[in-house]
Amino acid sequence: MIKLNNRKKNLKKKIRVGRGIGSGKGKTSGRGVKGQKSRSGVAIKSFEGGQMPLYRRLPKRGFNPINKDKVAILNLENIQNHIDKKKILTNSVINTESLKKLNLINKNSKKLKILGKGSIKSKINIEADLASKAAIEKLEKIGGSIQLKKN
């Protein structure tokens, strides 16, 4: 089955460049005189006349997700050091807010993860978002507790 195209053809005439002085597009064919742009096969990609190009003005993003949750990590040995220095009290609950006040974790961090590096001697209670198996085992061994928040 053959489909017929019933649309009217474009009536505008094609400009034939380089066809003599009288045509208005003769000699240099509307390309001006000399220079890189007057030659054939030349395209200056992303060149903006010396202005900083768009692709260099925009920030590099790559594989860094914008909305990534910033997780602060804290080892048990770090906590023990601060208990020894009497900065952390053993009877209080250690959580994200209290650690931010003591400048132990970054104020921009959204979550807290406790890791099991080092040893802990004091019986403490911790509230955290995440914890490693080693950290949980070490805390329960000395009689401390860790409560993980539901995400």
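Summarised in this report is the structure supplied together with it. Each residue is numbered by its place in its chain's sequence as written, counting from 1. For a predicted model such as this one, the threshold for reporting local features is a pLDDT of at least 70, and the threshold for listing and counting side-chain atom pairs is 80 or more; totals across whole chains, interfaces and linings nevertheless cover every residue. In computing side-chain values, all of the structure's heavy atoms are included and hydrogens and water are not.

What to know about the overall build of the protein
The line we're drawing: Strands here are runs of E lasting at least two residues and helices are runs of H or I lasting at least four, both read from the DSSP assignment and numbered beginning at the N terminus. The size measure is the radius of gyration over C-alpha atoms, and the globule rule it meets is 2.2 Å times the number of residues to the 0.38 power. Contacts were defined at the residue level, with two residues in contact if any of their heavy atoms lie within 4.5 Å. Surface exposure here means Shrake-Rupley accessible area, sampled with a 1.4 Å probe, where a residue is shielded only by the protein chains that are shown.
If you tally the helices and strands in the protein, you get four helices and six strands. Taken from the N to the C terminus, the helices and strands of the protein come in the order α-β-α-β-α-β-β-β-α-β. In terms of overall size, the protein is more extended than a compact globule, its C-alpha atoms giving a radius of gyration of 35 Å where 151 residues would be expected to give roughly 15 Å. Across its three principal axes, the protein shows a C-alpha extent of roughly 100 × 55 × 20 Å. Sequence separation of 24 or more characterises 41% of the internal contacts of the protein that already satisfy a separation of 6 or more. By element, 52% of the accessible surface of the protein is carried by carbon and sulfur atoms, the whole surface being about 12,900 Å².

Some remarks on helix 2 (residues 76–84)
Selection criterion: In this scheme, a residue with accessible area under 20% of its type's maximum is buried, one over 50% is exposed, and one in between is partly exposed, where area comes from a 1.4 Å probe on protein chains only. The arc in question is formed by the directions pointing from the helix axis toward the C-beta atoms.
Listed as buried for helix 2 are L76, I79, Q80, H82 and I83. Down the axis of helix 2, the buried set is contained in an arc of 165°. They therefore lie on one face. Those residues of helix 2 that are buried lie in contact with strand 1 (71–75), strand 2 (93–94), strand 3 (111–115), strand 4 (125–128) and helix 4 (133–141). Two residues or fewer past helix 2, K86 is found with a positive phi of approximately 65°.

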